[in-house]
Amino acid sequence: MVIRFKDGLGAFFNNRWLVFVTATWIQSCAGIGYLFGSISPVIKSSLNYNQRQIARLGVAKDLGDSVGFLAGSLCEVLPLWAALLIGAVQNFVGYGWVWLTVTGRAPILPLWAMCILIFIGTNGETYFNTVALVSCVQNFPKNRGPVVGILKGFAGLGGAILTQIYTLIHTPDHASLIFMVAVGPSMVVIALMFIVRPVGGHRQVRSSDGLSFSFIYSICLILAAYLMGVMLVEDLVDLNETVVTIFTIILFILLVVPIVIPLWLSFSQESRDPTTEALLPESGKQEPGTSDQDLHDIIFSEVEDEKPKEVDSLSAVERRKRMARLQSKIAQAAAEGAVRLKRRKGPRRGEDFTLTQALIKADFWLIFFSLLLGSGSGLTVIDNLGQMSESLGYEHTHIFVSMISIWNFLGRVGGGYFSEMIVRDYAYPRPVAMAVAQVLMAIGHFFLAMGWPGAMYIGTLLIGLGYGAHWAIVPAAASELFGLKKFGALYNFLTLANPAGSLVFSGLIASSLYDSEAEKQAQQRHNGPQYPGSIFSSLLSLEEPLKCDGAICYCLTSLIMSGLCIFAVVLSMILVYRTKVVYANLYGKSRT
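Computed from a prediction, not measured in an experiment: that's the story for all the values here. (Residues numbered from 1 in each chain as written. Predicted model: local features only at pLDDT ≥ 70, side-chain atom pairs only at ≥ 80, totals over all residues. Heavy atoms only, no water.)

Peer 1: In this structure, what is going on with the overall build of the chain? I would like to understand it.
Peer 2: Assigned secondary structure in the chain consists of 25 helices and zero strands. Counting only residues that meet the buried cut, the chain has 52% of its 592 residues in that class. Contacts spanning at least 24 positions in sequence make up 84% of the contacts within the chain whose residues lie at least 6 apart. Here the chain has roughly 26,700 Å² of accessible surface; of this, 65% comes from carbon and sulfur atoms. (Helix = DSSP H or I, 4+ residues; strand = E, 2+ residues; numbered from the N terminus. Buried < 20%, exposed > 50% of the residue type's maximum accessible area, 1.4 Å probe, protein only. Contact = heavy atoms within 4.5 Å. Areas by Shrake-Rupley, 256 points an atom, 1.4 Å probe, with all protein chains shown as cover.)

Right, here's the structure in full:
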């Protein structure tokens, strides 16, 4: 009995599902960037910043969250636990120093130094992200889609989870949220850093894996619905501390429940003879010109060159038949020496590209600029959500931060699921799902611009869903069009669209228009009727940061972003038109 327990305990700590579950917990700490909308008002009031200066901090945060080249490089030469430790230290030092500055425990730093601290603190997320994804993709080589979607989803949900914990320990000192951001994720990551690692998961495949993924998906949906309900109740009803404590305990239970999967697999009587998955495609290890796969790719290239123009206008089934016949003829002729197959200089769409090869392709830049306009406008709303809700008269701004975090989570999970349905069931290009997400965002920006009653709730819903969907759709589409061999470099380059969009929309457009309206309102108040003591109060107000009230503050900004989202839809549909044949060749066979 004791020996069996020890064996089960060893199997538990080396179970790939334990790694996956703990990776979701770490990813829940990798969404601290989404809390910037909650901590920015505190920084603004404490350091007497204007909106333009807050926007600069937001851009620094976005850069820290997106520049992951260093994290990716270190993960190749360091143990994964060391990479997690570096990320935890960065998170603690960056946000810890910001907390010391805001609370007056450290000297006030110039704006550029605060930008560096925000960058360092947020850049710790890239280590959490990289280690979690690398470990789980290696442990689940045949389930990369669901694994990546769920992990990215938990990163999007992190803001809502941390906000609920902050609600439990809520104090009159709002700067305590910054302290929690500095300490909480660092403690969790250090506690789990030796668990998240590759454990030979390709040798742990079981027939129950499909059921396990369904269970995880169910927990994800329940968790999102629960957090949504809790946030609404806390916004509408003044709850006592006991009820908030119960809500938070239930939240922790939902987060911990998936641990039953590795426990059950390790200690149950299930057969211990799992099948084995290939960790990497064998064709990727063979030299060009020597493999059957390489010969197949060359023949496929010849088919593309030699096919009649009218083939593209045929139905998917008929096109496959014609292409198969032509491919068979070319293969037979090549085997008999009747024709010489020429090697082309570069890869075609759907094959493996290097970053340099991808950068000269129009499709790559269509993805980049469509992502810049779509996700960039969504990130601008996330970064300015505190000021947007304050300008419309809402007191509890953290509610909207939590809500958009939940919708972001559902957008990532749902975007991956529905885009997979589109390509698997209809062999239609995945970017069409991105176009749908951008239409939702355009409508959401329009609602925010109008400032109608309840518009903040509808706007955050649509923008959160659309923004989250981008980060489930774009990685999959990039891997389909440009291959997996250099996927890390391609993906890291595409993520630069996020801070680039934020720099344009938030750093230049939103902040300038906000400060302009705030100056107009301050001038109107200054030129208003004077009363006893008003001169003294107006002198004091000159030292206060500019503040704008009303829907006018972000009206023009939201209308501009709505229009740019429509332009992003046009770019996505151009990409759909250009890649129809690629997706028909990739997924058409599944429909026969």
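Peer 1: Could you clarify how one ought to interpret the pattern of salt bridges in this entry?
Peer 2: Side-chain pairs of opposite charge can arise whenever the charged atoms involved come near each other. The final tally for this structure, using the stated rule, is four salt bridges. When the shortest N-O distance is used, the salt bridge between D363 and R578 registers 2.6 Å. Here the residue D363 occupies a position in helix α16 (residues 362–383), and R578 occupies one in helix α24 (residues 552–578), the gap between them amounting to 215 residues. Since its relative accessible area comes to 2%, D363 is described here as buried. Taking the shortest distance from any N to any O, the salt bridge between K520 and E517 comes out at 3.9 Å. Here K520 and its partner E517 are both found in helix α22 (residues 497–526), three residues apart, which amounts to about one turn of the helix. (Salt bridge = Lys/Arg side-chain N within 4 Å of Asp/Glu carboxyl O.)

Peer 1: I'm lost on the packing of helix α10 (residues 209–236) against helix α18 (residues 398–426) in this one. Help?
Peer 2: Any two packed helices are characterised by the angle at which their axes cross and by the distance between the axes. It is at 10 Å that the axes of α10 and α18 come closest, and there the two elements cross at 160 degrees. By the angle between their axes, α10 is roughly antiparallel relative to α18. Our pair here, α10 against α18, has a crossing hand that is left-handed. The residues of α18 that touch α10, namely those facing Y217, C220, L221, A224, L227, M228, M231 and D235, are I399, S402, M403, I406, W407, F409, L410 and V413. (Axes fitted to C-alpha atoms, helices over the stretch in contact; angles between N-to-C directions. Parallel < 35°, antiparallel > 145°, perpendicular 65-115°, else oblique. Left-handed = near helix turned anticlockwise from the far one by under 90°.)

Peer 1: Sorry if this is basic, but what is going on with the packing of aromatic side chains here?
Peer 2: Two measures describe an aromatic ring pair: the distance that separates the ring centres and the angle between the ring planes. Using the criterion set out here, one finds 23 aromatic pairs in the structure. Each ring, one from W99 and one from F179, has its centre 4.8 Å from the other, and the planes form 50 degrees; the classification is tilted. Here W99 is found in helix α6 (residues 80–102), whereas its partner F179 is found in helix α9 (residues 176–192), with 80 residues between them in sequence. The interplanar angle of 90 degrees and the centroid separation of 5.5 Å between the aromatic rings of F368 and F369 together place this pair among those described as edge-to-face. (Phe/Tyr/Trp six-rings, centres within 6.5 Å; stacked < 30°, edge-to-face > 60°.)

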